[in-house]
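Topology and contacts: notes
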Amino acid sequence: MPHPIMFRDDDVGLADVRRIALGFPGAFEKISWGRPVFCAPKMFAMYGGSVKGDTRGEYLQYPHSILVKVDDSDRAALEQDRRFFFPAYMGPFGWLGLDLTAADIDWTEVAELIDASFRMVAAKKLIAQLDQG
């Protein structure tokens, strides 16, 4: 049974996230787990996420968020920021979520987070294309 669609095209920040993510070499969007996922060809960003609740099967939704893979050297600092959360399922694999509704959105920061995530998963060839401009 497929996941239900968990977003709308007019969701907070989705158009800007798309513009940023699809600007990377080889990037494309697909729908996985009912959410927009950005890949090249491995996933480097996702719009929307959730956190496991205290009760089994309970999840706190962050529908207007961006999930990115973060370097271990950045993780401790980002985890101290209340805008970030440890996403269900993906958190143990090095991902954090940024709640786009927790404060005014700094799109430069979002672009830097997506860029860093892309660089962690993309092929060297795509990273070289990015660096060449």
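Preceding this paragraph is the structure being described.
Residues numbered from 1 in each chain as written. Predicted model: local features only at pLDDT ≥ 70, side-chain atom pairs only at ≥ 80, totals over all residues. Heavy atoms only, no water.

Glancing now at the pairing of strand 6 (residues 95–99). Most of strand 6 is tucked away, with 5 of its 5 residues classed as buried. Burial of the side chains of strand 6 extends over both faces: Trp95, Gly97 and Asp99 are buried on one face and Leu96 and Leu98 on the other. Judged from the 5 bridges that link them, strand 4 (residues 59–69) and strand 6 form a sheet pairing that is antiparallel. By the bridge assignment, lysine 69 is partnered in strand 6 with tryptophan 95. Inspection of the sheet shows strand 5 (residues 84–85) paired to strand 6 by 2 bridges, in the antiparallel sense. Residue pairing for strand 6: phenylalanine 85 is matched across the bridge by glycine 97. (Buried < 20%, exposed > 50% of the residue type's maximum accessible area, 1.4 Å probe, protein only. Helix = DSSP H or I, 4+ residues; strand = E, 2+ residues; numbered from the N terminus. Pairing = 2+ DSSP bridges.)

What follows is about the packing of aromatic side chains. The final tally for this structure, using the stated rule, is 5 aromatic pairs. Measuring from ring centre to ring centre gives 6.0 Å for tyrosine 59 and tyrosine 89, while their planes differ by 25°; the resulting arrangement is stacked. On the criterion of sequence distance, the pair formed by tyrosine 59 in strand 4 and tyrosine 89 in the loop between strand 5 and strand 6 is long-range, its members being 30 residues apart. Note on tyrosine 59: relative accessible area 30%, which makes it partly exposed. Between tyrosine 62 and phenylalanine 85, the aromatic rings sit 4.0 Å apart at their centres with planes inclined by 10°, giving stacked as the arrangement. With tyrosine 62 in strand 4 and phenylalanine 85 in strand 5, the pair connects residues that are 23 residues apart, well separated along the chain. The structure contains a cluster of three or more aromatic residues connected by ring pairs, namely Phe24, Phe44 and Phe118. Of note, lysine 52 hangs over the ring of tyrosine 89, and the distance from its end group to the ring centre comes to 5.0 Å. (Phe/Tyr/Trp six-rings, centres within 6.5 Å; stacked < 30°, edge-to-face > 60°. Lys NZ or Arg CZ within 6 Å of the ring centre and 35° of its normal.)

In the structure shown here, the tally under the stated rule is 9 salt bridges. Among the salt bridges present, the one from arginine 8 reaches aspartate 10, with a minimum N-O distance of 2.7 Å. Note on accessibility: arginine 8 and aspartate 10 belong to one class, exposed. Put simply, aspartate 81 and arginine 83 hold a salt bridge, and the shortest N to O gap is 2.6 Å. Residue classification places aspartate 81 among the partly exposed residues on the basis of a relative accessible area of 23%. Ionic contacts of the salt-bridge type, sharing partners, join the residues Asp9, Arg18 and Glu29 into one network. (Salt bridge = Lys/Arg side-chain N within 4 Å of Asp/Glu carboxyl O.)

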